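Notes for the structure review
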Amino acid sequence: MKLRSGILTLALIGFSLSLLAQTTEISYLELGLNQNKTGNYADALRNFTLEIEKTAANPNPIAFYNRGFAKYNLKDFQGAILDFNKALELKPNYFEAFIARGQSYSKQDNHPLAIQDYNEAIRLNPLEGTAYFSRGLSKNKLENFRAAITDFNKSLELVPDYAPTLAARADSKAKLGDFAGSIEDYNKAIEITPKRTNYLSGRAFAKMKIADFKGALADFSEVIKLNPDRAEEWYYSGFCKAQLENYRGENGEKGALEDFNKALELDPEMIEAMYGRGFVKSKLGDPRGAMEDFTRAIEFGNNENAKILYTAKLGKIQLDELRNGLVDRTKMSDMSASRAEVFFHRGLAKSKSGDPKSAIDDYNRAISLQPTYADAYFQRGIAKSNLGDQRNAIQDCNNAIDLNGKYAEAYFIRGIIKLALNDTTGCLDLSKSGELGYTAAYTVIRDFCN
């Protein structure tokens, strides 16, 4: 039995590709399954949506499950959960869907709900190693480390020598202070997968706990070779060198000072590296430089506004870039239908030239001539948003969506405006936008919805 990591397995129960191949009708499900296998999740999602629409009278749980799989891999965990819900509604004993939904909850840090789903998956199939592994990860996040280790043990019993499970058990052991046991598990995981930087870092931290700074430094050095752009590893490399009193590098090798400098080059606001560099400077007889670093670290540590935190908000510059990029995507309409489209396209031109207020006048004229003009409502919403009228911008997006339920861009803009207003339902709009084919939504979902 092979362990699934993440949502790695596509459920094909009751489904025969060979039978589908015999029909001349396009099989959106088959196309989507193949695209999921090759990692083409955006196209897979579109095909699963077409399959779901085609079979609306007799819905197939496999289509919903695999669309959820695609959304999960596009970091749209909220959207994935909705699809797994539907798959389970159609097929209550779908243990793979319980695991997948649990993993989606885990990605949202909702570990109690995740554990409920893993429990149900184990009840339905007690020999599925993935469920024990995933449940152990959630228990680990809830700091129930002993119970997590029990799950990892069971998972390894079912699927021996699986590196992610060994590494996860190593982490739990370290949290319980069993550093020797942690190092032993990391050794096995690294032997199986030598180039995994998180395994090397985990082992290095365990070695630091038993004062094996030389061994920890060797691991951090290997991580830096594999990924030289991680400030944290440069900091800990410097920390180990400081413990070994290697403050300044010799014979072409970097010392602690150079490592802390590099950490701050990569992350200028890394307080730990400021303290570390100040410590090293004091050891090297530079009290003025040490005081500057200590003072700077204190200022950063006491000032929550020292760096811009976006959390669930989109910055104005990003918002403008997304809106303007969307304007560029608008296609020319058939202008022979009525004068409405003349006003609409003149409004577009005004928007692009930086005159949203005048553009709104043209969109108003277009809507008065053609009240069902979804594009005009949508573009008027963008113009209002550019002028800071976000509430009415949302209303125009609502109008556009009411007129065209598949208006992916309108869902997208409504979603990002909601996020800018701290309304987390914007994530559902972004999920719908991606589902309808506007793949730019997944970039925003990844950065602001998880």
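Everything quoted here is computed from the prediction, not taken from an experiment.

Glancing now at the packing of aromatic side chains. Going through the model one piece at a time under the given rule, you end up with 19 aromatic pairs. Ring geometry for Tyr72 versus Phe77: centroids 5.2 Å apart, planes at 70°, classification edge-to-face. Residue classification places Phe77 among the buried positions, given a relative accessible area of 4%. Chaining the aromatic ring pairs together yields one cluster made of Phe205, Phe213, Phe220, Tyr235, Tyr236, Phe239 and Phe260. Looking at Lys91, its charged tip hangs above the ring of Tyr94, at a distance of 4.6 Å from the centre.

Attention now moves to the nonpolar core. In this structure, Phe412, Ile413 and Leu430 are the most contacted members of the largest nonpolar core, which totals 42 residues. Secondary structure elements with two or more residues in this core: helix H19 (340-352), helix H20 (356-369), helix H21 (374-386), helix H22 (390-403), helix H23 (408-420), helix H24 (426-435) and helix H25 (440-448). Among the elements that make up this core, the one with the highest residue count is H23 (eight residues). Listed in part, the 25 residues of the second largest apolar core include Tyr65, Ala80, Leu88 and Phe98.

What follows covers the state of the cysteines. Applying the stated criterion across every chain, the model contains one disulfide. Paired through a disulfide, Cys427 and Cys449 show a sulfur-sulfur distance of 2.2 Å. An S-S torsion of about -100° defines the bridge between Cys427 and Cys449 as left-handed. A residue pair is termed long-range when its members are at least 10 positions apart, and Cys427 in helix H24 and Cys449 in the segment after H25 qualify at 22 residues. Taken individually, Cys427 and Cys449 each receive the classification buried, so the pair is uniform in this respect.

Turning our eyes to something else, we now look at the UniProt feature "repeat: TPR" (unreviewed entry) in the chain. Under the UniProt annotation, "repeat: TPR" (unreviewed entry) lies at residues 61-94, 95-128, 129-162, 163-196, 197-230 and 340-373. End-to-end, the C-alpha atoms of residues 129-162 are 10 Å apart, and along that stretch the chain is 79% helix and 0% strand. In residues 340-373, helix accounts for 79% and strand for 0%; the two terminal C-alpha atoms are 8 Å from one another.

Attention now goes to unusual backbone geometry. The phi torsion at Asp109 lies on the positive side, around 60°, for a residue other than glycine. Within the fold, Asp109 resides in the loop between helix H6 (95-107) and helix H7 (111-124). Among the residues examined, Asp109 registers a relative accessible area of 58% and is labelled exposed. Phi at Glu143 is positive, roughly 65°, even though this residue is not glycine.

Below, the discussion takes up H6. Spanning 13 residues, H6 covers 19 Å between terminal C-alpha atoms, matching the ideal 18 Å at 1.5 Å per step. Taken residue by residue, H6 has Phe95, Glu96, Ala97, Phe98, Ile99, Ala100, Arg101, Gly102, Gln103, Ser104, Tyr105 and Ser106 as its buried positions. Residues of H6 that are buried in the fold lie against helix H4 (61-73), helix H5 (77-90), H7 and helix H8 (129-141). Taken from the residues just after H6, Asp109 is the one with a positive phi, measuring 60°.

About the cut-offs
Residues numbered from 1 in each chain as written. Predicted model: local features only at pLDDT ≥ 70, side-chain atom pairs only at ≥ 80, totals over all residues. Heavy atoms only, no water. Phe/Tyr/Trp six-rings, centres within 6.5 Å; stacked < 30°, edge-to-face > 60°. Buried < 20%, exposed > 50% of the residue type's maximum accessible area, 1.4 Å probe, protein only. Lys NZ or Arg CZ within 6 Å of the ring centre and 35° of its normal. Core = buried A, V, L, I, M, F, W, Y, C linked by side-chain atoms within 4.5 Å. Helix = DSSP H or I, 4+ residues; strand = E, 2+ residues; numbered from the N terminus. Disulfide = S-S within 2.5 Å. UniProt positions renumbered as here; feature names shortened; annotations may be inferred. Expected span 1.5 Å × (residues − 1). Contact = heavy atoms within 4.5 Å.

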